[in-house]
Amino acid sequence: MSEARSTVPSPSPAAKRAGADPGERATAAETPIAKSAPQKAMEKLGLTRDIDLALHLPLRYEDETTLTPLGQARDGDTLQCEGEVIESRIELRGRRQLLVKLRDDDGALLTLRFLHFYPSHQKTLAVGTRARVRGEIRVGFFGREMVHPSFRKVEADTPLAASLTPVYPTSAQLPQAYLRKAVASALRRAPLDEVLPQVLIPRGLPPLREALNFLHHPPPSAGLSTLEDHTHPAWQRLKFEELLAQQLSQQRAQRERAHLRAPMLRGAPGGLHERLLAALPFALTGAQRRVAEEIAADLARSQPMHRLLQGDVGSGKTVVAALAAAVAIDAGWQCALMAPTEILAEQHFRKLIGWLEPLGIRVAWITGSVKGKARQKMLDAAASGEATLVVGTHAVIEDKVRFHRLGLAIIDEQHRFGVAQRLALRKKLADEAAGAAATAGPGVPPGSGPLEPHLLMMSATPIPRTLAMTYFADLDVSTIDELPPGRSPIVTRVFADSRRDDVIEKIAAAVDDGRQVYWVCPLIEESEALDLKNATETHAELGAALPGKMVGLLHGRMAPAEKAAVMSLFSGGQMQVLVATTVIEVGVDVPNASVMVIEHAERFGLSQLHQLRGRVGRGSVASVCVLIYTGPLSDTGKSRLRAMAETTDGFEIARRDLDIRGPGEFMGARQSGAQLLRFADLQEDAPLLSAARALAPKLLDEQPRAARLQVERWLGHKTEYLKA
Ligand code: ADP
Ligand code: MG
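What you see is a predicted model, and the numbers here were worked out from it, not measured in a lab.

Peer 1: Please explain the sheet that holds strand 14 (residues 389-392) as it appears in this structure.
Peer 2: Hydrogen bonds between backbone atoms are what pair the strands of a sheet, whose relative direction is either parallel or antiparallel. Strand order in the open sheet formed by seven strands is 13-14-12-15-16-11-17, with parallel pairing between adjacent strands. The two strands at the open ends of the sheet, each matched to only one other strand, are strand 13 (363-366) and strand 17 (476-480). Each neighbouring strand pair of the sheet contributes to a mean axis angle of 20°, computed without reference to strand direction. Both strand 13 and strand 14 contribute to a ladder of four bridges, which runs parallel. Paired with Ile-366 across the strands is Gly-392, a residue of strand 14.

Peer 1: Help me understand unusual backbone geometry in this model?
Peer 2: In terms of backbone geometry, most residues other than glycine have negative phi values and most peptide bonds are trans. For the peptide bond that leads from Gly-631 to Pro-632, omega is -10°, which places it in the cis range. Structurally, Pro-632 is set in the loop between strand 23 (623-629) and helix 22 (635-646). Of note in the backbone geometry, His-600 takes a positive phi value of approximately 50° without being a glycine. Counting through the fold element by element, His-600 comes out in the loop between strand 22 (593-598) and helix 21 (606-613).

Peer 1: Looking at this structure, I do not really get the pairing of strand 4 (residues 97-103). What am I missing?
Peer 2: A regular strand places its side chains so that they alternate between the two faces of the sheet. Of all seven residues in strand 4, five are buried; the element is thus mostly enclosed. Taking the residues that link successive antiparallel strands as the turn, the strand 3 (residues 78-91)-strand 4 hairpin has five residues, and the phi of Gly-94 there is positive, at about 65°. Here strand 4 runs beside strand 5 (residues 109-114); their pairing, made up of six bridges, is antiparallel. What sits directly across from Leu-98, in strand 5, is Phe-114. In this structure, the hairpin formed by strand 4 and strand 5 is closed by a connection of five residues, where Gly-107 is found at a positive phi of approximately 90°.

Peer 1: Where do I start with the site of ligand 1 in this structure?
Peer 2: Of all residues adjacent to ligand 1, which total 17 residues, the nearest are Gly-314, Lys-317, Thr-318, Arg-487 and Asp-589. Within the backbone of Ala-283, a nitrogen or oxygen atom sits 2.9 Å from a nitrogen atom of ligand 1. Contacts to ligand 1 include Ser-315, whose backbone N or O atom sits 3.4 Å from an oxygen atom. Its free accessible area being 570 Å², ligand 1 has 88% of it covered by the protein chains. Along the lines of polarity and charge, the residues of the shell around ligand 1 split into five nonpolar, six polar and six charged.

Peer 1: How should I be thinking about the environment of Leu-389 in this particular structure?
Peer 2: Tracing the chain through its elements places Leu-389 in strand 14. In sequence terms Leu-389 and Leu-406 are 17 residues apart; their C-alpha atoms lie 9.5 Å from each other. Setting aside chain neighbours within four positions, we find Leu-389 in contact with Ala-325, Ile-329, Cys-335, Leu-352, Leu-356, Arg-362, Val-363 and Ala-364.

Cut-off values and rules
Residues numbered from 1 in each chain as written. Chains lettered and ligands numbered in written order. Predicted model: local features only at pLDDT ≥ 70, side-chain atom pairs only at ≥ 80, totals over all residues. Heavy atoms only, no water. Pairing = 2+ DSSP bridges. Helix = DSSP H or I, 4+ residues; strand = E, 2+ residues; numbered from the N terminus. Axes fitted to C-alpha atoms, helices over the stretch in contact; angles between N-to-C directions. Buried < 20%, exposed > 50% of the residue type's maximum accessible area, 1.4 Å probe, protein only. Near = heavy atom within 4 Å. Polar contact = N/O pair within 3.5 Å; in protein donor to acceptor, adjacent residues only side chain to side chain. Areas by Shrake-Rupley, 256 points an atom, 1.4 Å probe, with all protein chains shown as cover. Nonpolar A, V, L, I, M, F, W, Y, C, P; charged D, E, K, R; others polar. Contact = heavy atoms within 4.5 Å.

Take a look at the structure:
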């Protein structure tokens, strides 16, 4: 079992000093008592079941199926050869190194050079040993040489590899050789029988077992290019499998929802809903009216709504949310509205109070910073049902918060909530609905299935169509595709940091014209302190450059009351310039502000930049967004700034963002640790996606067992995340 075989990585000098020897570690690793480092590393990569290992596919391959006679080797070739060690010595001149001389059967010579080495290298490559080595050959003045080749001891008749050798994605604690063995044995054990009837598999694609055997151990004749660009039919089969599992899981979730019950919420004639509409200081846009009707129709059904309301920044989602809340309240139920930050939650709170309190609605306010007696009062109001609308941050979904009869939950800027928070929220909602007051509430449909509140999510970052078709198949989408009238377009300008003084001069002129300015300072995630320093310095700098004007500062470390005071000076118009860290990132609404300056724009993501820019352009004055960058810009940095300068359309921005970042990051999948699609690419594999989408309902209807097996095989424990 323990063939001495070293694959490329050599010990670091530090490891060498400590006397660590990977050979020894590898033997220790095979004793089953405690989990070895490689085993733990495998777990960390999510490789726990045989099927997970079988689906862990090579990045590339090495050809160890042939031996090249040294006499035929050319400079720069990567090759495998074999010979007898005729000399082994440690050279001390210059750098300490191990030199091993090898002679092949034709008598040609090769020097192996190891700049880092363990005692086990010398032991394995002792004089008289026959060794098989693989690496890149250099032919120079002193003859042929390989630096840090992989090598192993062989006999004259040791067979060559029959297939290409896979190279797997791995981590530092998991040696390639260990992983190879683990995959090969898992591949023999893994349950890979077809779950899909042959007729349903797109034509020309091999059975799964065959495809996987091929991809892990392709024959030497396999075309490397089709393997590497993933166009080979074996790859196509894998991608199809993955897309199908994903479609099945989404469509299944959608069907499960159809069996849940929800209170049927209808606004009463002459009720709150109508009175709110009448009291608004503006008329709804056509788009707002349309989405409000879509939502009202969902609320009246006996299954829980699961709808995403998307609309660009400033498109007026808040009032649509308020109208939905009014329907729920009219029907005798409570509504919870959550926003990702305190500032945003507070803005909603003020706006909703302004609209709803005059109509006799009690609104409660729950965030992390509301404490003590005030908090208790809010909690009581929510629990008794006296507060029919509860607004706040994620504190609203804490265990301690109880509702009397929760019928509708609204989440603003839903993509800003983490996956774990979204899961917690759904669990909380399900628990809430189990309450006695809820089960006996008005509009509860007959039946005994579980009861859930309706759920409305709102986002200014529209989901591109391909994503909507895949990850959000279990979500109905309403889109506000029209801005309220009277908005003037935002002009975006990009400046290098070297022109900062020019920018400040322009800001001074704008302020003299009576305009209000946001100045956003960089986000340096690693250091909140640095972040703050930057904002403080800019605050001082602008204060000095604008004598007689009020320049305010807003950052994440300020107490909520302080923040509120600053915000109210700015929204009241007494303060001309507001220097802020990214706390103003989402949702803040001050219609009179018409200039947005973003420093170190290269450090922000595209959707963040778009969100920030959306803080201006809300009134009738022409608005400007100034992006200041510090070079040199990376390619993605350049594409982001270019996108910002070229378009203000949120959908176009989202499309480009997806291009730049790829779906995984776009979805914020990073934070969940769950990679969503490993093999398939939504754009490239659109035909496979359509096939999977069409097949999924058929399987769910006719072959439910096959459907379940397919999802388990591919998604295992990840299905929970996909639903969130
Ligand atoms: P977002 O969709 O970004 O959340 P908001 O709901 O904050 O947008 O709305 C942006 C601004 O537009 C607010 O000041 C809001 O009162 C105003 N607004 C919303 N709908 C209309 C409308 N139909 N006509 C005029 N102004 C509107
Ligand atoms: Mg908003």
